[in-house]
Amino acid sequence: MTKKELSSWRKNQTKLRIREFVAAVTEKGSPFYVTPDDRIAVFDNDGTLWSERPVVQGAFTFDRIRALAPEHPEWATTQPYQAVLENDMETVAAFGHKELGEMIMATHAGLTTEEFAAIVRDWVFSARHPATGELYIDMVYQPMLELLRFLRKKKFVTYIVSGGEIEFMRAFAEEVYGIPPQQVIGSSIETVFELCDEGPVLVRLPVLDFVDDGPGKAVAVNRYIGRRPLLAFGNSDGDQQMLEWTAAGDGLRFMGLVHHTDAEREWAYDEGERLETALVEARERNWVVVDMKNDWKVVHKCATEA
């Protein structure tokens, strides 16, 4: 390992376990050696690869509601849109899956895949976090970027497996993470093929197709990758089944959870906020729990890179 590899990880047991695992499965002659074809690594996105307060796709959805509001005057007096337009985040926070799904359909559908990707790219490379003022794409976790690069150098194929909408993430994943669109798996809405004057297009419909969360992540890994992961990283109970599916494979496996413990450089949260059963299982089964405060020298990309 060169000096620059995993340089944002503190020299402690967590970093050592990562290094030892990768060496064990990639060095020929090791009893745990795995051929490159089976070196599959899967990562959740929100809270695992970049900050999830707020969830970036949620911020995008709210900005789209504000941008589209002149075309929908009824939204000013209709929930859930009214709360967003009035910046009533307390009411927004109380919305359930039904209301959130309605807002996503209203802002993500009715466009071709190319049109939607262009809108996402324009937003994600210019939008800033309301509290930090940083670009969202600079609030990627530097240690995880280094881990992705390290794994790819060791001939792992890295995938995103996230509850986020697949076309939303595909619009920026390659530039931000080095992960190409075909290696991004997420929740999806239905699309249909249409032939117009300019040629064939795929149009996004306001119909939910697949939810890539909880047990759905294990299903999606099998459906779209067809190989059980060798390494899996998440940060919430929604990732638990993906980690369990990874752990159930033969040979040596690596399961990791990013634990948000750093209230000074990011946020500190766990129990009661989508990390209860997964954290308990991780500790019981000796999975790697990454303590953000103690394991990372820096947190965000903006702390070390322009």
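Along each chain, the written sequence defines residue order, and numbers are assigned to residues from 1. Thresholds applied to this predicted model are a pLDDT of at least 70 for local features of residues and 80 or more for the giving and counting of side-chain atom pairs; totals over whole chains, interfaces and linings are not thresholded and use all residues. In computing side-chain values, all of the structure's heavy atoms are included and hydrogens and water are not.

In this section: the overall build of the protein chain. A run of DSSP states H or I qualifies as a helix once it reaches four residues; a run of E qualifies as a strand once it reaches two. Both are numbered from the N-terminal end. In terms of helices and strands, the protein chain carries 13 helices and 8 strands. In this setup the radius of gyration rests on C-alpha atoms only. A globule is expected at 2.2 Å times the number of residues raised to 0.38. Taking 306 residues into account, the globule formula puts the C-alpha radius of gyration at 19 Å, and the protein chain, at 20 Å, falls close to it. Principal-axis analysis of the C-alpha atoms places the extent of the protein chain at approximately 65 × 45 × 35 Å. Three labels apply to residues, based on accessible area from a 1.4 Å probe with only protein chains included: buried if under 20% of the type maximum, exposed if over 50%, partly exposed otherwise in between. The burial tally for the protein chain puts 52% of its 306 residues in the buried class. Contacts in the protein chain between residues far apart in sequence, at least 24 positions, make up 65% of those at least 6 positions apart. Here the accessible surface of atoms and residues is derived via Shrake-Rupley with a 1.4 Å probe, and residues count as covered only by protein chains that are part of the display. Counting every atom, the protein chain has about 14,500 Å² of accessible surface; 51% of that belongs to carbon and sulfur. Separation between the mean location of the 34 positive side-chain charges and that of the 49 negative ones in the protein chain comes to 12 Å. Contacts between residues were defined by any pair of non-hydrogen atoms, one from each residue, lying within 4.5 Å. Two residue types count as positive, namely Lys and Arg, and two as negative, namely Asp and Glu; His and chain ends fall outside the count. Here the site of a charge means atom NZ of a Lys, CZ of an Arg, CG of an Asp or CD of a Glu.

Simply put, an axis is a line fit to the C-alpha atoms, just over the touching stretch for a helix, and the angle between two N-to-C directions goes from 0 to 180 degrees. Relative to each other, helix α10 (residues 215-224) and helix α11 (residues 240-247) sit at 50°, their axes nearing to 6 Å. Comparing the axis directions of α10 and α11 gives the class oblique. Crossing geometry of α10 relative to α11 is assigned as right-handed. Only Q241, M242 and W245 of α11 make contact with α10, whose side of the interface consists of P215, K217, A218 and V221. Under the convention adopted here, Pro, Cys and the residues Ala, Val, Leu, Ile, Met, Phe, Trp and Tyr are nonpolar, Asp, Glu, Lys and Arg are charged, and Gly plus all remaining residues are polar. The residue inventory of the contact of α10 with α11, partitioned by class, reads 5 nonpolar, 1 polar and 1 charged. Angle categories: roughly parallel below 35 degrees, roughly antiparallel above 145, roughly perpendicular from 65 to 115, and oblique for all the rest. Rotating anticlockwise by less than a right angle from the far helix to the near helix defines a left-handed crossing, while the corresponding clockwise rotation defines a right-handed one.

What follows covers the nonpolar core. Residues belong to a common nonpolar core when they are buried Ala, Val, Leu, Ile, Met, Phe, Trp, Tyr or Cys residues joined through side-chain atoms within 4.5 Å. Core analysis: the biggest nonpolar cluster contains 53 residues, and F43, M144, L147 and Y177 have the highest contact counts within it. For this core, the element with the highest residue contribution is helix α7 (residues 142-153), accounting for 6 residues. Filtering out sequence-adjacent residues up to four positions away, Y177 remains in contact with N45, L49, W50, V140, L145, L148, R152, I160 and F172. Counting 21 residues, the second-largest nonpolar core is a separate cluster that includes V42, A220, V221 and A232.

Moving on, we get to the pattern of salt bridges. The rule for a salt bridge is simple: a side-chain nitrogen of Lys or Arg has to be within 4 Å of a carboxyl oxygen of Asp or Glu. Counted under the stated rule, the structure contains 10 salt bridges. Of the charged contacts, one joins K217 and D44 as a salt bridge, the two residues approaching to 3.0 Å between their closest N and O atoms. Within this pair, whereas K217 is found in helix α10, its partner D44 is found in the loop between β1 (40-43) and α2 (56-68), the two being separated by 173 residues in sequence. Judged by relative accessible area, which is 5%, D44 ranks as buried. Salt bridges sharing common partners tie together D44, K217 and D239.

Inspection of the secondary structure assignment puts H260 in strand β6 (residues 254-261). For H260, a relative accessible area of 1% puts it in the buried group. Of the polar contacts made by the side chain of H260, one reaches the backbone oxygen of G47; its length is 2.8 Å. Polar contact is defined as a pair of N or O atoms within 3.5 Å, subject to the rule that within protein one atom must be able to donate a hydrogen and the other to accept it, and that residues adjacent in sequence are counted only when both atoms are side-chain atoms. Within the local environment of H260, its side chain forms a polar contact with the side chain of N235, the two groups lying 3.4 Å apart. Look past the residues within four positions of H260 in its chain and what remains in contact with it is G47, E52, Y141, N235, E266, W267, A268, Y269 and M292.

A few words now on helix α1 (residues 13-26). To estimate how far a helix should reach, multiply one less than its number of residues by 1.5 Å. Under the 1.5 Å per step criterion, the end-to-end length of α1 is 20 Å for 14 residues, consistent within 8% with the ideal 20 Å. For α1, the complete set of buried residues consists of T14, K15, I18, F21, V22, A24, V25 and T26. Tucked inside the fold, the buried residues of α1 contact α7, β5 (231-234), β6, β8 (288-291) and α13 (292-295). Measuring from the backbone nitrogen of T14 back to the side-chain oxygen at the start of α1 gives 3.1 Å, which picks out N12 as the cap.

What follows is about the environment of D212. With respect to the element layout, D212 can be found in the loop between β4 (199-210) and α10. Classification of D212 as buried rests on a relative accessible area of 0%. Counting along the chain gives 50 residues from D212 to S162, while the straight-line C-alpha distance between them is 6.2 Å. Non-local contacts of D212, meaning those with residues more than four positions away in its chain, are made with V161, S162, G163, I185, G186, S187, K217 and A220. A distance of 3.2 Å separates the side chain of D212 from the backbone nitrogen of S162, its partner in a polar contact.

Quick look at the pairing of strand β2 (residues 157-165) now. Among the 9 residues of β2, 7 are classified as buried, and the element is accordingly described as predominantly covered. Here, strands pair whenever DSSP counts at least two bridges between them. For β1 and β2, the ladder comprises 4 bridges, and the chain directions are parallel. Paired with F43 across the bridge in β2 is I160. One ladder, built from 3 bridges, connects β2 with strand β3 (residues 184-196); its direction is parallel. Among the inter-strand pairings, V161 is bridged to a residue of β3, identified as I185.

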